[in-house]
Amino acid sequence: DVKVTQSSRYLVKRTGEKVFLECVQDMDHENMFWYRQDPGLGLRLIYFSYDVKMKEKGDIPEGYSVSREKKERFSLILESASTNQTSMYLCASVTRGNPVMMNTEAFFGQGTRLTVV
Amino acid sequence: AQKVTQAQTEISVVEKEDVTLDCVYETRDTTYYLFWYKQPPSGELVFLIRRNSFDEQNEISGRYSWNFQKSTSSFNFTITASQVVDSAVYFCALTHNTDKLIFGTGTRLQVFP
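Here is what the cut-offs are and how they apply
Residues numbered from 1 in each chain as written. Chains lettered and ligands numbered in written order. Predicted model: local features only at pLDDT ≥ 70, side-chain atom pairs only at ≥ 80, totals over all residues. Heavy atoms only, no water. Helix = DSSP H or I, 4+ residues; strand = E, 2+ residues; numbered from the N terminus. Rg over C-alpha atoms; globule rule 2.2 N^0.38 Å. Buried < 20%, exposed > 50% of the residue type's maximum accessible area, 1.4 Å probe, protein only. Pairing = 2+ DSSP bridges. Phe/Tyr/Trp six-rings, centres within 6.5 Å; stacked < 30°, edge-to-face > 60°. Contact = heavy atoms within 4.5 Å. Buried area = accessible area lost by both parts, 1.4 Å probe. Salt bridge = Lys/Arg side-chain N within 4 Å of Asp/Glu carboxyl O. Polar contact = N/O pair within 3.5 Å; in protein donor to acceptor, adjacent residues only side chain to side chain. Nonpolar A, V, L, I, M, F, W, Y, C, P; charged D, E, K, R; others polar.

### Looking at the overall build of chain B
Okay, step 1: Across its full length, chain B carries zero helices and twelve strands.
Okay, step 2: Seen in sequence order, chain B has helices and strands lined up from the N terminus as β-β-β-β-β-β-β-β-β-β-β-β.
Okay, step 3: In terms of C-alpha radius of gyration, chain B reaches 14 Å, essentially the compact-globule figure of 13 Å for 113 residues.
Okay, step 4: Principal-axis analysis of the C-alpha atoms places the extent of chain B at approximately 45 × 25 × 20 Å.

### Re the pairing of strand S9 (residues 74-79) of chain B
Residues and elements named next belong to chain B.
Okay, step 1: The buried fraction of S9 is high, at five of six residues.
Okay, step 2: Two strands pair when backbone bridges link them, and strand S3 (residues 19-21) and S9 are joined in this way by three bridges, in the antiparallel orientation. When the bridges of S9 are listed, Leu 21 appears paired with Phe 77.
Okay, step 3: Sheet topology places strand S8 (residues 64-69) next to S9; six bridges connect them, and they run antiparallel.

### Some details on the packing of aromatic side chains
Okay, step 1: On inspection of all chains with the given rule, the structure shows 21 aromatic pairs over all chains.
Okay, step 2: Both rings, one in Phe 108 of chain A and one in Phe 103 of chain B, keep their centres 6.0 Å apart while their planes meet at 75°; by these two values the pair is edge-to-face. Taken together, the residues Phe 108 of chain A in strand S11 (residues 107-108) and Phe 103 of chain B in strand S11 (residues 102-103) connect one chain to another.
Okay, step 3: For Phe 108 of chain A, a relative accessible area of 2% gives the class buried.
Okay, step 4: Given a relative accessible area of 7%, Phe 103 of chain B falls into the buried group.
Okay, step 5: Aromatic rings pair up to connect Phe 33, Tyr 35, Phe 48, Tyr 50 and Phe 108 of chain A together with Phe 35, Tyr 37, Phe 47, Phe 91 and Phe 103 of chain B into one cluster.

### Focus: unusual backbone geometry
Okay, step 1: Here Lys 53 of chain A, not a glycine, exhibits a phi torsion of approximately 65°, which is positive.
Okay, step 2: As for its position among the elements, Lys 53 of chain A is in the loop between strand S6 (42-49) and strand S7 (56-57).
Okay, step 3: Residue Lys 53 of chain A is classed as exposed on the basis of its relative accessible area, which comes to 60%.
Okay, step 4: A positive phi angle, close to 85°, is found at Lys 16 of chain B, a residue other than glycine.

### Focus: the interface of chain A and chain B
Okay, step 1: Taken residue by residue, the interface counts 26 residues in chain A and 22 residues in chain B.
Okay, step 2: Taken over both partners, the interface formed by chain A and chain B buries close to 2000 Å², and the fraction arising from carbon and sulfur atoms is 53%.
Okay, step 3: On inspection of chain A and its partner chain B, the count reaches zero salt bridges.
Okay, step 4: Viewed at the interface, chain B and chain A are joined by four residue pairs in polar contact (both at pLDDT 80 or more).
Okay, step 5: Elements that contribute at least two residues to the side of chain A that touches chain B include exactly strand S5 (31-38), S6 and strand S10 (87-94) of chain A.
Okay, step 6: In the side of chain A that touches chain B, the residues fall into 14 nonpolar, nine polar and three charged.

### Looking at the environment of Phe 47 of chain B
Okay, step 1: Along the polypeptide, Phe 47 of chain B turns up in strand S6 (residues 46-52).
Okay, step 2: With 20 residues separating them in the primary sequence, Phe 47 of chain B and Thr 27 of chain B have C-alpha atoms 22 Å apart.
Okay, step 3: If near-sequence neighbours (up to four positions away) are discounted, Phe 47 of chain B is found in contact with Glu 105 of chain A together with Phe 35, Trp 36 and Tyr 37 of chain B.

### Notes on the environment of Gln 6 of chain A
Residues and elements named next belong to chain A.
Okay, step 1: When you line up the elements, Gln 6 lands in strand S1 (residues 4-6).
Okay, step 2: Beyond its immediate stretch of four places on either side in the chain, Gln 6 contacts Glu 22, Trp 34, Tyr 89, Leu 90, Cys 91, Gly 109, Gln 110, Gly 111 and Thr 112.
Okay, step 3: From its side chain, Gln 6 meets the backbone nitrogen of Cys 91 in a polar contact 3.0 Å long.

In structure tokens:
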């Protein structure tokens, strides 16, 4: 089974702290994503990565950065946490697949519920 | 621009009722893919189905069925004889060729015994 693991289920951090959310997948997937989920807004893409050391901004990258030093690990960084970053964060990975069926399903981690106080 | 609309914020039904979750999408691409995911209270999104834009056949999997209609840009999801374990948030999603999934806002389904 594909396994996407996020390092923490729940985190409480103080305003201004630097926060690291870690995500590891064990299926050698090329593509990894960070989403945040807020009530009434669905899942919004923060950043994604197609390969090691590659990253691209999603729809709401402000206040976030990412790191992909190894294929299996994709980290989301909140440089200076703010209360409006209180949210559920979901990591996903997907194999690039072949050109015809490249859009296979994404596999998600269990989510990290971050509270910034 | 790509967009997914799930107009139903929350639906409540009694066990054994049938329920349909609506999904309407917008895209300019001729090749695209539609998905449904289930998010139980545990939080992890579970893949349910993927449908390609060039395949309009409806699909049935046990109590689940999906109705894809390109003419109305809809990809609706029906649960027949709902059960309490079906209680979850359901997301419809869209992508074309970048593997970036564009999600709807989700529909919370509550099935009462």
